[in-house]
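For reference, the chains in residue letters:
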Amino acid sequence: MGGGGMNDAVSSTVFQPSLFNPFFSRSPMTRISVRALVAIVSLVVVRPAAAQQDPAALSLERIFSSADFRQERFGPARWLEGGQAYTTLEPVASAGENGGYDIVRYDAGTGERTILVAADRLVPAGLDAPLDVEDYHWSPDASKLLVFTNSERVWRENTRGDYWVLDIASGSLRQLGGDAPESTLMFAKFSPDGSRVGYVRQNDLYVEDLRSGAITRLTDDGSRTTINGTFDWVYEEELGLQDGWRWSPDGERIAYWQLDATGVREFLLLNSTDSLYSFTIPVQYPKAGETNSAGRVGVVPAAGGATRWMDVPGDPRQNYIARMDWAASPDEIVMQRLNRLQNTLEIMLGDASSGQVRTIRTERDSAWVDMRVELMEWLDDGDEFAWISEADGWRHVYVISRDGTSERLVTAGDFDVLDVVSVDEEDGWLYYVASPDDPIRRYLYRARLDGTGTPERVTPEDATGWHAYDAAPGAAWAFHVHSSFGTPPATDLVSLPDHRVQRVLAGNQAYRDKIAALERGAVEFFRVDQGDGVMIDGWIMKPPDFDPSKKYPLLMHVYAEPWGTTVEDAWGGRDYLWHLYLTQQGYLVASVDPRGTPAPRGREWRKSIYRRIGTLTSHDIAGATRAIESWSYVDPERTAIWGWSGGGSQTLNSLFRYPDVFETGMAVAPVPDIRLYDTIYQERYMGLPQDNPEDWAQSSPVTWADKLEGNLLVVHGTGDDNVHYQGTERLINALIAANKPFQMMAYPNRTHGIFEGENTTIHLFSLLTRYLEEHTPPGPEEAAPASR
């Protein structure tokens, strides 16, 4: 429900603007590769738009079963030549039946276009079609190309597949891995000199020499419970860890994580449809309060030999090594260790030869140490590093000495840094994203690394909405994605710091025109008092033919968890289109971000939710909804609420606890009993269930199931490895025990996104729409004169 190196020749930055992913709910760590996204689209968008379609009208079929709303995309892109050029994938202009992609170089300044690798150079011997390039990386000197293809899904993303190396000069193309089974290599990376490639294969580490083809196996104990160079389910899902190994700067050694999953209990997913007899799918999944994997970090010679393990004190099952990399030196690594409660983070330096470890800085918080926005960049030849901390109540960037004894604040003020775009050490600037005056928008700023002067806004003052950046090394250029509420994203290349648009990379104009042609009512952003003097941000969408003298039904959309916000002046993708469709049917649609959501409103705002993840959120949601219901054009007798994942949980909490506010609730893939969710996410925000069981019970919707008075629809995929169907079954039992009527829909073997299988998505949203219309009917009723 609920993280790469650069050099002067080639940056390993990838830019694929999937920040505006229309296919998933706002769940933590929801990520998907370009090709996987295309695969999903092929399941959902399968038919051309119906003939004679009214361009102003939406239908469920048009949104979910037509090709009408496909977006133009840019990338994956890689910066080259110190940021003066970049490469991207482009479909072959005259592609025949074999198709393929060219890898094209553009000069950032002039726009000069050169095909560096034509698709026909990526045709393996004995085959007729080029490799389907899902991702690619250049060697440091750009003389070789590493291609990732034929991937398979591992948890959320397609991170396991085949790797090929193309020698640009000779044209030699060969597959890596020797006799490895198909689609079993992970996280392949060139060595710093480009002569070797390391990778993970079936939980062991290997290095392959590109000249001789010799393969050296660095670890030999990989198994289902001994995991080298990658991670288990919970580390990936909640700490954002997938690639678990790093080349040393000189290429002589490799640092890597090893997890010992012995003792982590397996949760069994039941598949009853894909064979004559049902079978189980075991997933190592530590539920809250249960045993975690034991993680450690070691350093092994790249030529093979014994691993030197870092002598990190403490029980590894009660701590997490949440980040690790080389510390600007081939002799030391840097680790970030969190305790199990995640309220203490230690920065440790480890000697690569002896394994001795010393702590140079400790961050503490009475709730949790926030790692959502992270930065660990070495400066001054490794004598200091840039770091993010909430020590003064706001998320700021500091520069700290290597020994941790001195620090200076770079971004002063009562605002939060939301992303670090570039640390331009040569010119002395930090580029970062923030929104000091408006938490629902995002802009680029820069500040002096020495902490002097006043921060400067780089995004033009007349620009509004949501802005994301991927800066080139040296920060002279950046890929820039911008969108706003109701306006799809466009991608361009801008120069910095003047923010001049050099060229449009993916204007999305056809898509934007289709959206602009839709019949749409007004959208308003607002703040309301939730009843205790706390102002809550929100938005409301009105019907196209809105009449303020009438009363309309209201649908509240919520996520309301510490991992995501819904009130953003940004493109909303699929959810936006469905919500717009509902306004065309006569609904008001609104959303609010209660306390505890990760809005840039300071530490106190975000961490007020600690140990109150279900109680404070539903209190704020209900209070804000009451305020909205007081507006003269809102019908308080027709108020519904819906959400997915954590939003499904808060839908249940709100419906059960505040039956006087909500008439109807639709909960998709909820967590009815938070005790059933994983260790890292749930313990971060609630503490340990053994320490405060009453808080856990009070925050779980299932505790309040007997208070249901309204209409409830629960939807879940039975193959959900993230939020287990088990929780919905427990909720069903509680509702039955309380003799409460409700409706439910189980999607066999679907995962948390409920998208697998033909027509699944349109079936789901047709169900939601039908249930809403039946229980909270659309359309206006006569009302008193408007006061708003």
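Residues numbered from 1 in each chain as written. Predicted model: local features only at pLDDT ≥ 70, side-chain atom pairs only at ≥ 80, totals over all residues. Heavy atoms only, no water.

Focus on the overall build of the protein chain
Filter applied, for reference: Helix and strand assignments come from DSSP, with helices taken as H or I runs of at least 4 residues and strands as E runs of at least 2, each series counted from the N terminus. Each residue is assigned to one of three classes by its accessible area relative to the maximum for its type, calculated with a 1.4 Å probe on protein chains only: buried under 20%, partly exposed between the two thresholds, exposed over 50%. Only the protein chains shown count as cover for residues, and all accessible areas are computed by the Shrake-Rupley method using a 1.4 Å probe. Only four residue types enter the charge count, namely Lys and Arg as positive and Asp and Glu as negative; His and the chain termini do not. For this purpose, a charge sits on NZ of Lys, CZ of Arg, CG of Asp or CD of Glu.
Within the protein chain, the regular secondary structure consists of twelve helices and 44 strands. C-alpha atoms of the protein chain, sized along the principal axes, occupy 80 × 70 × 60 Å. For the protein chain, buried positions account for 62% of its 788 residues. When the accessible surface of the protein chain is summed, it comes to about 29300 Å², and 47% of that surface belongs to carbon and sulfur atoms. Counting 72 positive and 113 negative side-chain charges, the protein chain places the averaged centre of each group 2 Å from the other.

What about the layout of surface pockets?
Selection rule: In this analysis a 1.4 Å probe is tested at points of a 1 Å grid over the protein atoms alone, and where it fits but cannot get out there is a cavity; an open set with protein on both sides within 12 Å along at least five of seven lines is a pocket; lining residues have an atom within 4 Å of a point. Grid points are joined across faces, edges and corners, and a volume is the space filled by probe spheres set on the points.
Considered as a void within the structure, the second largest pocket measures approximately 890 Å³ in volume. As for the second largest pocket, its lining consists of 28 residues, and the residues nearest its centre are Arg153, Val154, Trp155, Arg160 and Pro282. Those elements that place two or more of their residues in the lining of the second largest pocket are strand E6 (144–154), helix H3 (233–239), strand E16 (266–271) and strand E17 (279–284). It is E17 that provides the largest number of residues to the lining of the second largest pocket, a total of four residues.

A closer look at the sheet that holds strand E28 (residues 417–424)
Going by this rule: Pairing between two strands requires that DSSP report at least two bridges joining them.
Pairing is antiparallel across the open sheet formed by four strands, whose spatial order is E28-E29-E30-E31. What marks the edges here is a single partner per strand, and that holds for E28 and strand E31 (456–457). Two elements, strand E29 (residues 429–434) and strand E30 (residues 443–448), share six bridges in a ladder whose sense is antiparallel. Looking across to E30, one finds that Leu430 is bridged to Ala447.

As for the nonpolar core
Cut-off, in case you're wondering: Only buried Ala, Val, Leu, Ile, Met, Phe, Trp, Tyr and Cys residues count toward a nonpolar core, and they belong to the same one when joined by side-chain atoms within 4.5 Å. Contacts between residues were defined by any pair of non-hydrogen atoms, one from each residue, lying within 4.5 Å.
By size, the foremost hydrophobic cluster in this structure holds 57 residues, and its most contacted members are Tyr235, Leu239, Val297, Ile333, Met335 and Leu338. Sorting elements by how many residues they give to this core places strand E20 (residues 319–326) first, with five residues. If sequence neighbours within four positions are ignored, Tyr235 has contacts with Gly240, Leu241, Leu259, Ser293, Gly295, Asn319, Tyr320, Ile321 and Ile680.

Overview of the side chain of His752
Heads up, the condition is: N or O atoms within 3.5 Å of each other form a polar contact, as long as, within protein, one can give a hydrogen and the other can take it, and as long as residues adjacent in sequence are counted only when both atoms are side-chain atoms.
Inspection of the secondary structure assignment puts His752 in the loop between strand E43 (743–747) and helix H12 (760–775). Side-chain polar atoms of His752 contact the side chain of Ser645, separated by 2.8 Å. One polar contact links His752 to Asp720, side chain to side chain, over a distance of 2.7 Å.

Describing the packing of helix H7 (residues 615–629) against helix H8 (residues 646–657)
Inclusion rule: Helix axes use the C-alpha atoms of the stretch in contact, all axes being lines fitted to C-alpha atoms, and the angles between their N-to-C directions lie in the range 0 to 180 degrees. In what follows, roughly perpendicular refers to angles from 65 to 115 degrees, roughly parallel to angles under 35, roughly antiparallel to angles over 145, and oblique to any angle outside these ranges. Working rule for handedness: look at the near helix, and if it is turned counterclockwise from the far one by less than a right angle, call the crossing left-handed; if clockwise, right-handed. Each residue receives one of three labels: charged for Asp, Glu, Lys and Arg, nonpolar for Ala, Val, Leu, Ile, Met, Phe, Trp, Tyr, Cys and Pro, and polar for the others, Gly being one of them.
Packing of H7 against H8 leaves a shortest axis separation of 9 Å and a crossing angle of 65°. Regarding the angle of H7 to H8, the classification is roughly perpendicular. The two elements H7 and H8 cross, and the hand of that crossing is right-handed. Residues Thr615, Thr617, Ser618 and Ile621 of H7 touch H8, and the partners they reach there are Gln650, Asn653, Ser654 and Arg657. Among the residues making up the contact of H7 with H8, the classes are represented as one nonpolar, six polar and one charged.

Looking at the sheet that holds strand E1 (residues 77–80)
Spatial strand order, E1-E2-E3-E4: four strands in an open sheet with antiparallel pairing. The open sheet has two free edges, formed respectively by E1 and strand E4 (113–117), since each of these has just one partner strand. Each strand axis lies, on average, 35° off the axis of its neighbour in the sheet, ignoring direction.

Describing the packing of aromatic side chains
Under the convention used in this document: By convention, a stacked pair of Phe, Tyr or Trp rings (six-membered ring in the case of Trp) has centres within 6.5 Å and planes under 30 degrees apart, an edge-to-face pair has planes over 60 apart, and any other such pair is tilted. Should the NZ of a Lys or the CZ of an Arg lie within 6 Å of a ring centre and within 35 degrees of the ring normal, that charge is described as sitting over the ring.
In total, this model carries 38 aromatic pairs according to the counting rule given. Here the aromatic rings of Phe148 and Tyr163 are separated by 4.9 Å at their centres, their planes lie at 35°, and the arrangement is tilted. With Phe148 in strand E6 and Tyr163 in strand E7 (residues 157–167), this pair connects stretches of sequence that are 15 residues apart. For the pair Phe148 and Tyr163, one class covers both residues: buried. Three or more aromatic residues joined by ring pairs make a cluster, and in this case those are Phe69, Phe485, Tyr511, Phe525, Trp539, Trp571 and Tyr576. A cation sits over an aromatic face here: Arg78 above Tyr136, 5.1 Å from the ring centre.

As for the pairing of E28
Of all eight residues making up E28, seven are buried, and the element is well covered by its neighbours. Where E28 lies against E29, six bridges are found, and the strand directions are antiparallel. Residue pairing across strands places Asp424 opposite Trp429, the latter belonging to E29. The antiparallel hairpin formed by E28 and E29 contains four residues in its connecting segment, where Gly428 sits at a positive phi of about 80°.

Focus: the pairing of strand E11 (residues 204–209)
Buried residues dominate E11, accounting for six of its six residues. Here E11 shows two buried faces, one formed by Asp204, Tyr206 and Glu208 and the other by Leu205, Val207 and Asp209. With six bridges joining them, strand E10 (residues 196–201) and E11 adopt antiparallel strand pairing. Opposite Val200, over in E11, you have Leu205 as the bridge partner. Hairpin connection from E10 to E11: two residues lie between these consecutive antiparallel strands, with Gln202 at a positive phi of about 50°. In this structure, E11 lies alongside strand E12 (residues 215–217), joined through three bridges in antiparallel fashion. Bridge assignment links Glu208 to a residue of E12, and that residue is Ile215. Where E11 folds back on E12, the antiparallel hairpin that results is connected by five residues, among which Gly213 adopts a positive phi of roughly 80°.

Some details on helix H9 (residues 679–686)
Across the eight residues of H9, eight count as buried, placing the element largely inside the fold. Buried within H9 are the following residues: Thr679, Ile680, Tyr681, Gln682, Glu683, Arg684, Tyr685 and Met686. For H9, the elements touching its buried residues are H3, E20 and helix H10 (693–699). By the N-cap criterion, in which a side-chain oxygen at the helix start approaches the backbone nitrogen of a residue two or three places on, H9 is capped by Asp678, the distance to Ile680 being 3.0 Å. With its phi angle positive at about 80°, Gly687 sits one or two positions after the end of H9.

Topic: the confidence of the model for the protein chain
We count it as follows: Per-residue confidence from the predictor is reported as pLDDT, which spans 0 to 100.
In this model, the protein chain carries a mean pLDDT of 93, and residues with pLDDT of at least 70 account for 92%. A low-confidence stretch, residues 3–50 stays under pLDDT 50, and its non-local contacts, those more than four residues away or across chains, total 149 contacts.

Notes on the packing of helix H5 (residues 573–585) against H12
For any two helices packed against each other, one specifies the crossing angle of their axes together with the interaxial distance. The interhelical angle for the contact between H5 and H12, taken along N-to-C directions, is 35°, at an axis separation of 12 Å. When the axes of H5 and H12 are compared, the crossing they make is right-handed. Packed against H5, whose contacting residues are Arg574, Asp575, Trp578, Tyr581, Leu582 and Gln585, the element H12 presents Thr761, Phe765, Leu768, Thr769, Leu772 and Glu773 at the interface. Its residues assigned to classes, the contact of H5 with H12 comprises six nonpolar, three polar and three charged.

Some thoughts on a negative patch on the surface
We count it as follows: A patch consists of residues exposed above 30% relative accessible area that lack any salt bridge, with like charges linked at up to 9 Å and nonpolar side chains (Val, Leu, Ile, Met, Phe, Trp, Tyr) linked at up to 5 Å. Salt-bridge detection follows one rule: a side-chain nitrogen of Lys or Arg within 4 Å of a carboxyl oxygen of Asp or Glu.
On the surface, Glu377, Asp380, Asp381, Asp383 and Glu425 cluster together to form a negatively charged patch. As for its position among the elements, Glu425 is in the loop between E28 and E29.

Considering the pattern of salt bridges
It is possible for side chains of opposite charge to pair when their charged atoms get near one another. Scanning all chains against the criterion turns up 46 salt bridges. Taking the shortest distance from any N to any O, the salt bridge between Arg595 and Asp620 comes out at 2.8 Å. Here the residue Arg595 occupies a position in the loop between strand E39 (588–593) and helix H6 (603–607), and Asp620 occupies one in helix H7, the gap between them amounting to 25 residues. The exposure classification of Arg595 matches that of Asp620, with both residues buried. The closest approach of N and O atoms between Arg638 and Asp635, which form a salt bridge, is 2.7 Å. By relative accessible area, which is 7% here, Arg638 ends up buried.

Regarding H5
What counts, and what does not: In a helix, the anticipated span is given by 1.5 Å times the number of residues less one.
Counted at 1.5 Å a residue, the expected span for H5 with its 13 residues is 18 Å, and the 19 Å between its end C-alpha atoms agrees. The element H5 is extensively covered by neighbouring structure, given that twelve of its 13 residues are classed as buried. Taken as a whole, H5 has its buried residues at Gly573, Arg574, Asp575, Tyr576, Leu577, Trp578, His579, Leu580, Tyr581, Leu582, Thr583 and Gln584. Gly586 sits one or two residues past H5 and shows a positive phi near 110°.

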